[in-house]
Structures are given as structure tokens and as C-alpha cells.
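Observations on the three-dimensional arrangement
What follows is the residue order along each chain.
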Amino acid sequence: MKMIDNYRNLPVGKYLEICELAKDADIDPLTQQVKTIAILTGMTEEEVLDLPIMDYKSLAAKTKFLEKEYDGKLQVAKSYSLNGMELVPVKDISKINVAQYVDYQTFSQEGDKRIVETLSTLLIPKGKKYNEGYEITDVHNAIRENLSVADVLSLCAFFLTLWVKSIKDLQTYLEKEIQRIPNKEVRENLMKKITEIHSKKNGDG
């Protein structure tokens, strides 16, 4: 019986479902295990409960990898083919636009529960600009359903390093770009968002 038994093959969407189960104090351990096996196999919970006991024990044993942290190699690919799209990771912070920066900061502040949305601001369909000429929800779905936990960890480590190295220069660059916007209301709103983001990151918010 085919079952996901490692982080390299585990889509981040399924991982987030499993994490939510682990946080639910109202679910007993056996029910949690059944639900987890269902997620990892694609079976229904009823089908899992109908399994012969030895088959069930075998599948339960394969869930043990979830109790350990991923310890494999962290490597970022040049692009990711997901759901018929080729998503390219941003590797030059200076090329992101203001909306992209604001969205990234907004999503990333909500932690793991918005990791799909966070990554969608930095994985862009090849040949496109952020959120232009494609449906951002298609990117969300592609990441959620097909990007593995191993790839997510690799990308997060890479992007974090990139942001830390570039954050000060990026803020200065974006503020200059905002000043070029002719609409005063739009300009002021964006500057307010940028200020709020950095206030929170500096512990003032």
C-alpha cells in the first residue's frame, strides 16, 4: 500500500493538515493516528479503520518520521514544476516590487499557518511579474498540493538569509520607489504599511 513516509515526498498542504490535528486537544491519540494515516495514504478514515490490524500497524509505524525533524540536505532548485507551472524563486531582492514586499511581510508575520501564501510572494511563474498575468490562487494551490516539506524548508532558509542580508538596502530602495508614485493617498498608505512592518520587526509594535 502506497504511503508518504518522508518529508521529501510530503506536500506542505498535507503537513499543515497533520499539524492542525496535533494541536487539537479534543482528539484522542488513536483518532489522530487514523486521521494522519488517511492524510498520508489518501484513504478515507473509514477505509483505514477497515484495514486488517497488521496492515494498520505497518502504516502506523511509517508515520514515525513525523516525530523527527527533517535532517536532509537543504537545496534550492532553479525552478519548481508544480501543477503545470514553472515557479522561479526570487534570488535578487532588489527586483521585488512594493506590493510583493508588503505581502511577504504581512504573510510571514503569521508564521507557519500562512507559509503557502508567504512562499507565493517569492515563487513567481516564469516570465511573469508578481501577481500579474496569472492567478495567485493557482500558485497557492500548486504550492499547497505539490511542494514538499523538504523544499519548503530549503526555500525558507534561503529566503531568510537573503532578507537578513538585504533588508536595510531594500527598505531604502522601496521608500524611494514609493515616493515616485503620483497618487498621494496611495503613496501615504504604502509608506504607512512599510513603517508598521518595520516597527513590528524592531519590537515597537
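Above this text sits the structure in question.
In short, a report on the structure. Fair warning: this is a prediction, and the values are worked out from it, not measured in the lab. (Residues numbered from 1 in each chain as written. Predicted model: local features only at pLDDT ≥ 70, side-chain atom pairs only at ≥ 80, totals over all residues. Heavy atoms only, no water.)

1. What to know about the packing of aromatic side chains
This is how it is decided: Between 30 and 60 degrees the pair is tilted, below 30 it is stacked and above 60 it is edge-to-face, where a pair is any two Phe, Tyr or Trp rings, Trp via its six-membered ring, whose centres lie within 6.5 Å. Under the scheme used here, helices are H or I runs from DSSP no shorter than 4 residues and strands are E runs no shorter than 2 residues, and both carry numbers assigned from the N terminus.
In this structure the tally under the stated criterion is 4 aromatic pairs. Taking the centre distance of 5.1 Å and the plane angle of 75° together, the rings of Y7 and F65 count as edge-to-face. Linking Y7 in the segment before α1 (12-23) with F65 in the loop between α4 (53-62) and β1 (80-82), this pair joins segments that are 58 residues apart in sequence. Grouping aromatic residues by their ring pairs yields a cluster made of Y7, Y15, F65 and Y70.

2. Some words on the sheet that holds β1
This is how the line gets drawn: Here, any two strands with at least 2 DSSP bridges between them count as paired. Working convention: axes come from line fits to C-alpha atoms, limited for helices to the stretch in contact. Angles between N-to-C directions cover 0 to 180 degrees.
Reading across from one edge, β1-β2-β3 is the order of the 3 strands in this open sheet, with antiparallel pairing throughout. Of all the strands in the sheet, just β1 and β3 (123-125) have a single pairing partner and so form its edges. Between one strand axis and the next, the sheet turns through 40° on average, direction left out of account.

3. Topic: the packing of α1 against helix α2 (residues 29-41)
Spelled out, the test is: Angles are sorted into four bins: roughly parallel if under 35 degrees, roughly antiparallel if over 145, roughly perpendicular if 65 to 115, and oblique for all others. Should any heavy atoms of two residues lie within 4.5 Å, those residues are considered in contact. When residues are grouped by polarity, Ala, Val, Leu, Ile, Met, Phe, Trp, Tyr, Cys and Pro land in nonpolar, Asp, Glu, Lys and Arg in charged, and all others, Gly among them, in polar.
Put simply, α1 and α2 touch, their axes get as near as 10 Å, and they point 175° apart. When the interaxial angle is binned, α1 and α2 end up roughly antiparallel. For the pair formed by α1 and α2, the contact residues are K14, E17, I18, L21 and A22 on the first element and Q32, K35, T36, I39 and L40 on the second. A breakdown of the residues in the contact of α1 with α2 according to their chemical character gives 5 nonpolar, 2 polar and 3 charged.

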